[in-house]
Amino acid sequence: MRVFIRFCIPFLLPFFITQNSFAQEEIGLNPPSLKWNQISTPAGKVIFPEGFDSMAYRAAGIMAYQRVNDKSFIGTGKTKRIPTIIQNQSSLPAGFATPAPWRNEFYITPPQNLFTGPVPWFDYLTVHEYRHAQQFYMANQGFTLPLKVLMGQTGWLLHALINQPLWFREGDAVTSETLLTKAGRGRQPRFHMEYRAMRLSNYHFNYEKANYPASFKDFVPNPYRIGYYMTTKLRRDYGDSIWQKVVYDTYHKNPVYGFNRSLKKHTGYSTKTLYNQTVKELDSIFQQTEKKLSFSAQKVITKDPGKTYTNYRFPHELPDGSMIILKDAFDEIRAFYKIHPDGSEEKMFVHGIYTDDHVMFAANNEFMTWAESGFDKRWINRDYSIIKTYNFKTGKTRKLTSKTRYFAPAPSPDGSKIIAVHSDNAGKNRLVVLEAQSGKLLRELPNPGNPFLAQPRWQHDNENVVTIAVNNQGNSLLQTNTQTGETRTLLSYTTVPVSRPFPAGNYVYFSAGFTSIDNIYALETATGKIYQITSVRFGAYEPTISENGQKLLYSNYTAKGYELAETALNPANWEELTPVQNTDINLHEPLLQRPGNQDITDSTFRQNYPVKRYHSLTAGLFNIYGWFPMFGNNEYGAEFYTRNLMSTMRGTLGIFYNTNENALGSKINLTYAAFYPVFELEYGLQTRRKAEIRTTLETTVLEQEWTEKYGLAGIKFPFRLTQGKYRTNLEIGGAFGYYDIDFVPNAETTGEEIATNFYAYKTTLNFSRLLPQARQHVKPRWGQIAQLQYQRAINDATERLFANTVLYFPGLKKTHSFHLEGRWKKEEVQETYRFSDNFIMPRGYKSDPFSKIWVASANYEFPIWYPDLALGRILFLQRFRTNLFYDRSKVELLTTKENLNSTGAELFTDLRVLRLFSMTMGFRYNYILSDTSTETTPFQFVVTRFELAN
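So, here is what we can say about the structure in this document. Positions within a chain are numbered from 1, following the residues in the order the chain's sequence is written. At least 70 in pLDDT is required for a residue's local features to be given in this predicted model, at least 80 for side-chain atom pairs to be given and counted, and no such filter applies to totals for whole chains, interfaces and linings, which use all residues. Hydrogen atoms and water are omitted, and side-chain values are computed over all heavy atoms in the structure.

Structural notes on the sheet that holds strand β30 (residues 612-614)
Then, number 1: What the six strands build is an open sheet, ordered β4-β5-β3-β2-β1-β30; its pairing is mixed. This sheet does not close on itself; its edge strands, each paired only once, are β4 (94-99) and β30. Going from strand to strand, the sheet's axes swing by 25 degrees on average, the running direction of each strand aside.
Then, number 2: At least two DSSP bridges between two strands are needed for those strands to be called paired. A run of H or I in DSSP counts as a helix once it spans at least four residues, and a run of E counts as a strand once it spans at least two, with each numbered from the N terminus. With three bridges connecting them, strand β1 (residues 36-41) and β30 associate as antiparallel partners. The residue of β30 that forms the bridge with asparagine 37 is arginine 613.
Then, number 3: Each of β1, β2 (44-49), β3 (84-87) and β5 (102-107) touches helix α2 (residues 53-69); the most contacted strand, β2, lies at about 155 degrees to it.
Then, number 4: Residues are treated as being in contact if the distance between any of their heavy atoms lies within 4.5 Å. Between N-to-C directions, angles cover 0 to 180 degrees, with each direction set by a line fitted to C-alpha atoms, over the stretch in contact for helices. The sheet strands contacting helix α5 (residues 153-163) are β4 and β5, and the helix crosses β4 at an angle near 110 degrees.

Set out below in structure tokens:
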């Protein structure tokens, strides 16, 4: 029986998954004015914006090298050709590979926090994402093929995700980037810092918790890290081809969870045993390193956060002795705080929406500067990085720039200017000098060779700035004169990662990974000598100097998050450092001597592929790639999907069952989003649809059946209005259609009053304004949602008006939520056709036809337990939470009016299912407060979320 169940899981599992897992990717990514070209290469077609030929050639060359030379995974040296899209409109660093539909997408803006280390962003991105493409290709065989025949590319994706653990996919990709570049993440102390802190602080988690991070209670490093350790360890101990053997057997000999058995066959390790052996080896390395350390004196400024993982970052001291910092925690979104000299904390305001990959701020004694995301109102990929300022004296915040791509702004000491990095959508990087009061561009500084520039800071002379530069040789520290543009090298290019330079006096302070642990160093600008200032346990970052110049302030990492610390500056006691990197995590080094594991960052590649125009508005509009089950508000079924590579058109063919009406239906929907507005076409068919209507005797409810066909043509105007700390969206739409209704007679009615066909129109408005949630928040602490829909038949009585609103408020504690919800519906229900019904009744009451109904709900929701309990590989229980509710409703039908009121409680559990899906399920107890003829139910089982977790 166990064998039968294991064999059936990959074929039965899709029937329990929602459309949200796959179908709802954004479309309408880029403006139609953007011109696209393409080249055809051995690795696949590369599609890129006009003018990005050299970047396309480089992506093609790197992928071709991996395809032919890196045989550690694909033994034949060949991978299925994959379309690759180079995206230049977004200011966010990102990339992905997916089989559904089969493609890579590379977003070219590098991260200001340099999390990839001293490696050119595009080289790193190409290596990492193409390795994912190779992993997916290896999944396209054996037992995957029946599922692919049944479900198309969605079946391919599903079987890949089931059988290749997340830690393996990401860890293996990190191994590739570490071997094929000079300084991938596997060589960086910061990459190992979180595991070092976790293990040495006795946070020892089991395999399920450590490898599939889902905890609301404890910080668990993402699976890139443990995956890197596990995959590299096996390649070191069993040879480069070990994962090829394991994955091949996974898909040919074991249909589900075969990865574990294949691994055991070839190594003797189960996944859990491999994890235990790996962390045992890490513990030994970490402990040996710690025994050799002599820690520098420091004073911790911030309070112990207790059990809640909390970060205090980017300290800056003001003349009154207080400090401005950025703080975030599991129970709090990122915000600016002032820490007073007595240690008390004062919240100033929430930081605007921005990716972690760019976040930082800088300050002088007058004001501070930072960058946030700005968004195009229509095009998903076109966003910006804008500058904001806050004046310490007036308490006023200003938006200094709009629709710019300025990163890492820093004010000059005299407050007259701001330096920032300009990374444009042509792939060029320059320093820009702005007027501090107006944001006016004063000058752009030359950047010969176009290295990536990051984290500039002014020197005390208000004329020179210090910046990190990254190219194929590594990273360096440059001094640039903002008047002449002349550049001087302070620290030569090196593969030792450096970050957060802070000039003060005769030195530039910075964090660097010369040893196994990142520490703060001082570079003497006159001599080039480097001195180590701190020696900490896990990592020291973001140095600044106190107002009196006598203390170094910095962020010090611990297993509970970043704390703020200070240490005295005594240059006379500093010892000069020999700038050679010496780290303790060297799992990759034995692999460097093996064929195919050579650095590609200095390589040049073929540059003469013929360039052709790619017509993004029309190319490959119909690309049916699979189907997947779905459920929504009272509708369950399955949808077939089509989506073109450039995400300008999406289509679905759906078959569904409406539980409110007990009716089976189908519909075809096409959405074309290449222009403004978005155009939609829909055709639907419902056979023997059932709906409850009222007869002229208003107390009588009749279950009426009919079949219907309809066609709709519509337009939508989406507006992305996000700015500052709220995610804000507005969509206005309308549609016009034709309905053909065939009444099914029964003994109680002749059906004469029901129209056989009519024209109808529909208008919709959807609005949301939501504050982002911290990890432990059960709901947004502030937010509003509003929906309005009106449908009416022309020259017929059929009509429906629906409205819904939700208001979110903070609860008594940071993780609690109080929210109010109101719903209202008005429609014709007496002996007439009814539009499809998905109205949510007051809890405890079953659907019933009324001409008017309004529902007002009050909810108080809060977490009660974070168990972090694994039930084998099947379930991982993350959180239990309770919602206490009161629903008040009034219904009307002509002269009849009554109340439908209820109260009760909901118990939800958030859990991870089969290591692959995130799910929220629960039980609801309804206490009915009103005597009514409407059917009621005291208990309900509910599923509110079911989506892919990795």
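Quick notes on the packing of aromatic side chains
Then, number 1: Only Phe, Tyr and Trp rings are paired, with Trp represented by its six-membered ring, and only when their centres lie within 6.5 Å; those with planes under 30 degrees apart are stacked, over 60 edge-to-face, the remainder tilted. Considering all chains together, one arrives at 57 aromatic pairs under this definition.
Then, number 2: Judged by centre distance (5.7 Å) and plane angle (15 degrees), the ring pair of phenylalanine 736 and tyrosine 759 falls under stacked. In this pair, phenylalanine 736 sits in strand β37 (residues 727-744) while tyrosine 759 sits in strand β38 (residues 757-770), placing the two residues 23 residues apart along the sequence.
Then, number 3: Burial classification: accessible surface area is computed with a 1.4 Å probe over protein chains only, and a residue below 20% of its type maximum counts as buried, one above 50% as exposed, and the rest as partly exposed. By relative accessible area, which is 44% here, tyrosine 759 ends up partly exposed.

Overview of the pairing of strand β39 (residues 783-793)
Then, number 1: In this structure, β38 lies alongside β39, joined through 11 bridges in antiparallel fashion. Residue pairing across strands places leucine 765 opposite leucine 788, the latter belonging to β39.
Then, number 2: Where β39 hands over to strand β40 (residues 799-810), the hairpin turn is made up of five residues, of which asparagine 795 adopts a positive phi near 60 degrees.

Quick look at the environment of alanine 793
Then, number 1: For alanine 793, the location among the structural elements is in strand β39.
Then, number 2: Residue classification places alanine 793 among the buried residues on the basis of a relative accessible area of 1%.
Then, number 3: Residues within four places of alanine 793 in sequence aside, it is in contact with Phe758, Tyr759, Ala760, Thr798 and Phe835.

A look at the sheet that holds strand β14 (residues 397-399)
Then, number 1: On the basis of which strands lie adjacent, the open sheet formed by four strands has the order β11-β12-β13-β14 and antiparallel pairing. The strands lining the two open edges of the sheet, one partner per strand, are β11 (361-363) and β14. Each adjacent strand pair in this sheet contributes to an overall mean axis angle of 30 degrees, direction not counted.

What about the nonpolar core?
Across soluble globular proteins, you tend to see nonpolar side chains buried next to one another.
Then, number 1: Throughout, nonpolar core names a set of buried Ala, Val, Leu, Ile, Met, Phe, Trp, Tyr and Cys residues whose side chains join them through atoms within 4.5 Å. Membership of the largest hydrophobic core comes to 96 residues, with the highest contact counts inside it found for Trp167 and Trp243.
Then, number 2: Per-element accounting of this core gives the leading share, nine residues, to helix α3 (residues 121-139).
Then, number 3: The next biggest cluster of nonpolar side chains, apart from the first, holds 30 residues, and it includes Phe314, Phe361, Trp370 and Val433.

Things to note about the side chain of asparagine 883
Then, number 1: Within the fold, asparagine 883 resides in strand β44 (residues 875-893).
Then, number 2: Note on asparagine 883: relative accessible area 2%, which makes it buried.
Then, number 3: In this structure the side chain of asparagine 883 is engaged in a polar contact, spanning 3.0 Å, whose partner is the side chain of asparagine 859.
Then, number 4: Two N or O atoms count as a polar contact when they lie within 3.5 Å, although within protein this holds only if one can serve as hydrogen donor and the other as acceptor, and sequence-adjacent residues are included solely when both atoms are side-chain atoms. Here tyrosine 860 takes part through its backbone nitrogen, which lies 3.4 Å from a polar atom of the side chain of asparagine 883.
Then, number 5: Setting aside residues no more than four positions away along its own chain, asparagine 883 makes contact with Arg843, Asn859, Tyr860, Glu861, Gly904, Ala905, Glu906 and Phe908.

Focus: unusual backbone geometry
Then, number 1: In this structure, the amide linkage connecting alanine 100 to the following residue, proline 101, adopts the cis form with an omega of -15 degrees.
Then, number 2: Counting through the fold element by element, proline 101 comes out in the loop between β4 and β5.
Then, number 3: The omega angle of the peptide bond from tyrosine 676 to proline 677 is 10 degrees, so this bond is cis rather than trans.
Then, number 4: Inspection of the secondary structure puts proline 677 in the loop between β34 (663-672) and β35 (678-694).
Then, number 5: Not every positive phi belongs to a glycine, and glutamine 455 is a case in point at roughly 55 degrees.
Then, number 6: Mapped onto the elements, glutamine 455 comes out in strand β19 (residues 452-458).

Observations regarding α3
Then, number 1: Here the expected length of a helix is defined as 1.5 Å per residue gap, with one fewer gap than residues. Its 19 residues place the ends of α3 27 Å apart at the C-alpha level, agreeing with the 27 Å of an ideal helix rising 1.5 Å per residue.
Then, number 2: Burial analysis of α3 places 18 of its 19 residues in the buried class, the great majority of the element.

A few points about helix α7 (residues 189-200)
Then, number 1: Counting buried positions over the 12 residues of α7 gives 11, a clear majority of the element.
Then, number 2: Of all the positions in α7, only Pro189, Phe191, His192, Met193, Glu194, Tyr195, Arg196, Ala197, Met198, Arg199 and Leu200 are classed as buried.
Then, number 3: Asparagine 202 occupies a position one or two residues after α7 and carries a positive phi of about 65 degrees.

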